[in-house]
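So you can see what is in the structure, the chains are spelled out below.
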Amino acid sequence: EVQCVESGGGMVQSGGSLRLSCVASGFTFRDYDMSWVRQAPGKGPEWVSAISLDGTSLYYADSVKGRFTISRDNAKNTLYLQMNNLKPEDTALYSCARTQEALVTLESGGSWGQGTQVTVSS
């Protein structure tokens, strides 16, 4: 079964930092582009960031550019999202997925699994 298990979320004050992790299984991790997606209460899902197979190409939504950094460790089948200078607007449930499936899910209105909650207070 294709699965990504997220962790590292929590509650922080505005301006704080968190590092999210996603351990993937059920597929050859190194062969896939990966993405982070988030969804805030009462809002639709939002694509946050993506990374190429070898980690050399990075992509970010304008809302997080300059504050978040995506990375991956293919030897550990793990995806990361370093989040700095967090804002209350970043409060959401964060999920990881293969980019291709993430985009399809965004278009269809589906979900990605358990995710990890990030809450940023003022």
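Residues numbered from 1 in each chain as written. Predicted model: local features only at pLDDT ≥ 70, side-chain atom pairs only at ≥ 80, totals over all residues. Heavy atoms only, no water.

Caption draft 1: Summary view of the state of the cysteines. Within this structure, the stated rule accounts for 1 disulfide. C4 takes part in no disulfide bond, and the closest cysteine sulfur to it belongs to C96, at a distance of 3.8 Å. For C4, a relative accessible area of 13% puts it in the buried group. (Disulfide = S-S within 2.5 Å. Buried < 20%, exposed > 50% of the residue type's maximum accessible area, 1.4 Å probe, protein only.)

Caption draft 2: Layout of the sheet that holds strand β3 (residues 18-25). Strand order in the open sheet formed by 4 strands is β1-β3-β8-β7, and the pairing between neighbours is antiparallel. Edge positions in the open sheet fall to β1 (3-7) and β7 (68-73), since each of these has one partner strand only. Averaged over neighbouring strand pairs, the angle between their axes works out to 20° when direction is ignored. With 5 bridges joining them, β1 and β3 adopt antiparallel strand pairing. Bridge pairing in β3 places E6 opposite C22. (Pairing = 2+ DSSP bridges. Helix = DSSP H or I, 4+ residues; strand = E, 2+ residues; numbered from the N terminus. Axes fitted to C-alpha atoms, helices over the stretch in contact; angles between N-to-C directions.)

Caption draft 3: Structural context of the sheet that holds strand β10 (residues 116-121). Spatially, 6 strands are ordered β2-β10-β9-β4-β5-β6 in an open sheet, and the strand pairing comes out mixed. For this open sheet the edge positions go to β2 (10-13) and β6 (58-60), each flanked by a neighbour on one side alone. Averaged over all neighbouring strand pairs, the angle between strand axes comes to 25°, with direction disregarded. Looking at chain direction, strand β9 (residues 92-98) and β10 are connected through 3 bridges and run antiparallel. Bridging from a neighbouring strand, Y94 pairs with T116 of β10. On top of the sheet, helix α1 (residues 99-108) reaches β4 (34-39), β5 (46-51) and β9; it is set at about 130° to β9, its chief contact. (Contact = heavy atoms within 4.5 Å.)

Any link to function would need more than the numbers given here.
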